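# Close look at the chain arrangement
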Amino acid sequence: MTDNVSVTDFPSDEMVIRRLVRAIQKAIEEDIPEFCRENHMETMNSVRYIRGDKINENIRNLVISDDIMLISFRRYSWDGRMIIDQKNRISYTVTTKQNLEAIPKKKDRKCPHFLQSILAVENGDLQGQYVQQTLFSLEQFEEDVLEDDYMKIVAGILSPDSGYHHYVVTYEFERSNLLEVKLVLLDRGFNVVSELDVSDFIKPDFGLLTAEQPDTTEHMTELPKSARSLVAIKSGIRPSLIELEEENQA
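Everything in this summary refers to the structure shown in the same document. (Residues numbered from 1 in each chain as written. Predicted model: local features only at pLDDT ≥ 70, side-chain atom pairs only at ≥ 80, totals over all residues. Heavy atoms only, no water.)

A few words on the overall build of the chain. Helix and strand counts for the chain come out as eight helices and six strands. Each helix and strand of the chain, ordered N terminal to C terminal, gives the series α-α-β-β-β-α-α-α-β-β-β-α-α-α. When the 250 residues of the chain are sorted by exposure, 51% land in the buried category. Across the chain, the fraction of contacts at a sequence separation of at least 24, relative to all contacts at a separation of at least 6, is 73%. With the model as given, the accessible surface of the chain reaches about 12500 Å², and the carbon-plus-sulfur share is 46%. (Helix = DSSP H or I, 4+ residues; strand = E, 2+ residues; numbered from the N terminus. Buried < 20%, exposed > 50% of the residue type's maximum accessible area, 1.4 Å probe, protein only. Contact = heavy atoms within 4.5 Å. Areas by Shrake-Rupley, 256 points an atom, 1.4 Å probe, with all protein chains shown as cover.)

Put into structure tokens, the structure is as follows:
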């Protein structure tokens, strides 16, 4: 765990990061145990997806504001979400550390993984600190394929030259305990450019987090009809949090 994290290290406002951490913690340590108690079944295989749903709901309730919007996109039968911080020109997705490490190891994709497309466009100007062997072949997909896929994801809400950078919020947990949360900045080859351990925020100041809660009912943006099937900006934050697991299995 990193001590005394400097506010100047944050890609976004400190409160955005604190509330992201709280959303994950609440899902793992409170919501999922409660769900299991109230819905006990012979097998509980659905819990990994319920965890993502709970995190989505918590982020919607805690993080949405005038400066934060949601991009929604669909891959196969899975709905993905990307958090957009317009003020700081940062985008986020959230997943487990284990899942993030697994994504670039799959070599036989017929179309880009959405995170590959996002990193290629938003983080294409970055280079990892220790680049030895790129797990993701940069020649696996042509540049125009990655850019076209990115445009489908954002459906005109952002453009490739918008100047955004993408952070992956990773977390580790054991049973009902959240152990670690990091903000990871990757280059297009999934090499780490930088990472910030924000695990100190796992034990938050609840009074601070609940103060001045934004009104989530007013932040609804209507998309052109042609874009609605690909993207929806809703009144809540529902990022890509079901650990990208379903797309990995597709």
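Next up on the list: the pairing of strand E3 (residues 90–96). The buried fraction of E3 amounts to seven of the seven residues, a majority that puts the element mostly inside the structure. Where burial is concerned, the two faces of E3 agree: the one with Ile90, Tyr92, Val94 and Thr96 and the one with Ser91, Thr93 and Thr95 are both buried. Where strand E2 (residues 78–85) lies against E3, three bridges are found, and the strand directions are antiparallel. Paired with Ile83 across the bridge in E3 is Tyr92. Where E2 folds back onto E3 in an antiparallel hairpin, the turn is made up of four residues, including Arg89, whose phi is positive at roughly 55 degrees. (Pairing = 2+ DSSP bridges.)

So, on to the packing of helix H1 (residues 14–38) against helix H2 (residues 47–63). Each pair of packed helices can be described by the angle between their axes along with the distance between the axes. The interhelical angle for the contact between H1 and H2, taken along N-to-C directions, is 135 degrees, at an axis separation of 8 Å. With respect to their mutual orientation, H1 and H2 come out oblique. When you trace H1 past H2, the crossing you get is right-handed. (Axes fitted to C-alpha atoms, helices over the stretch in contact; angles between N-to-C directions. Parallel < 35°, antiparallel > 145°, perpendicular 65-115°, else oblique. Left-handed = near helix turned anticlockwise from the far one by under 90°.)

For H1, which comprises 25 residues, the first-to-last C-alpha distance of 35 Å matches the rise-based estimate of 36 Å (1.5 Å per residue) to within 8%. Along H1, the sharpest change in direction is near 40 degrees and occurs at Ala27. (Expected span 1.5 Å × (residues − 1). Bend = angle between axes of the 7 residues up to and from the residue.)

It is worth spelling out the side chain of Asp197 at this point. In this structure, Asp197 sits in strand E6 (residues 192–197). Buried within the structure, Asp197 lacks any salt-bridge partner; its nearest side chain of opposite charge belongs to Lys182, at an N-O separation of 4.8 Å. A distance of 2.5 Å separates polar atoms of two side chains, one belonging to Asp197 and the other to Ser199. (Lys, Arg positive; Asp, Glu negative; His and termini not counted. Salt bridge = Lys/Arg side-chain N within 4 Å of Asp/Glu carboxyl O. Polar contact = N/O pair within 3.5 Å; in protein donor to acceptor, adjacent residues only side chain to side chain.)

On to the pairing of strand E1 (residues 68–75). Looking along a regular strand, one sees the side chains alternate between the two faces of the sheet. The buried fraction of E1 amounts to seven of the eight residues, a majority that puts the element mostly inside the structure. Taken together, the eight bridges between E1 and E2 define a ladder with antiparallel strand orientation. In the strand pairing of E2, Met69 is matched with Ile84. Joining the antiparallel neighbours E1 and E2 is a turn of two residues, in which Tyr76 adopts a positive phi near 55 degrees.

On the surface, a cluster of negative charge is made up of Glu142, Asp144, Glu147, Asp148 and Asp161. One can find Glu147 in helix H5 (residues 143–154). (Patch = residues over 30% accessible without salt bridge, like charges linked within 9 Å, V, L, I, M, F, W, Y side chains within 5 Å. Charge placed at Lys NZ, Arg CZ, Asp CG, Glu CD.)

Next up on the list: helix H4 (residues 114–122). Most of H4 sits inside the fold, with nine of its nine residues counted as buried. Taken together, the buried positions of H4 are Phe114, Leu115, Gln116, Ser117, Ile118, Leu119, Ala120, Val121 and Glu122.

Moving on, we come to the nonpolar core. In this structure, Ile24, Val169, Tyr171, Val181 and Val198 are the most contacted members of the largest nonpolar core, which totals 30 residues. Counting only elements with at least two residues in this core, the list comes to H1, H2, E3, strand E4 (165–174), strand E5 (177–186) and E6. Ranked by residues supplied to this core, first place goes to H1 with eight residues. Setting aside residues up to four positions removed in sequence, Val198 forms contacts with Phe10, Ile17, Val21, Val181, Lys182 and Leu183. (Core = buried A, V, L, I, M, F, W, Y, C linked by side-chain atoms within 4.5 Å.)

On to the packing of H4 against H5, then. At their nearest, the axes of H4 and H5 sit 8 Å apart, and the two run at 105 degrees to each other. The angle between H4 and H5 places the two elements in the roughly perpendicular class. Taking contact as the criterion, the partners of Phe114, Gln116, Ser117, Ile118, Ala120, Val121 and Glu122 in H4 are, on H5, Glu143, Leu146, Glu147, Asp149, Tyr150 and Ile153. For the contact of H4 with H5, the residue count by class is seven nonpolar, two polar and four charged. (Nonpolar A, V, L, I, M, F, W, Y, C, P; charged D, E, K, R; others polar.)

On to the packing of aromatic side chains, then. Here the structure, examined in full by the defined rule, presents six aromatic pairs. On the numbers, 6.3 Å between centres and 40 degrees between planes, the contact of Tyr92 with Tyr167 is tilted. Within this pair, whereas Tyr92 is found in strand E3, its partner Tyr167 is found in strand E4, the two being separated by 75 residues in sequence. In this structure an aromatic cluster arises from ring pairing among Phe73, Trp78 and Phe114. Geometry around Phe201 places Arg18 over its ring, the cationic atom sitting 4.0 Å from the centre. (Phe/Tyr/Trp six-rings, centres within 6.5 Å; stacked < 30°, edge-to-face > 60°. Lys NZ or Arg CZ within 6 Å of the ring centre and 35° of its normal.)

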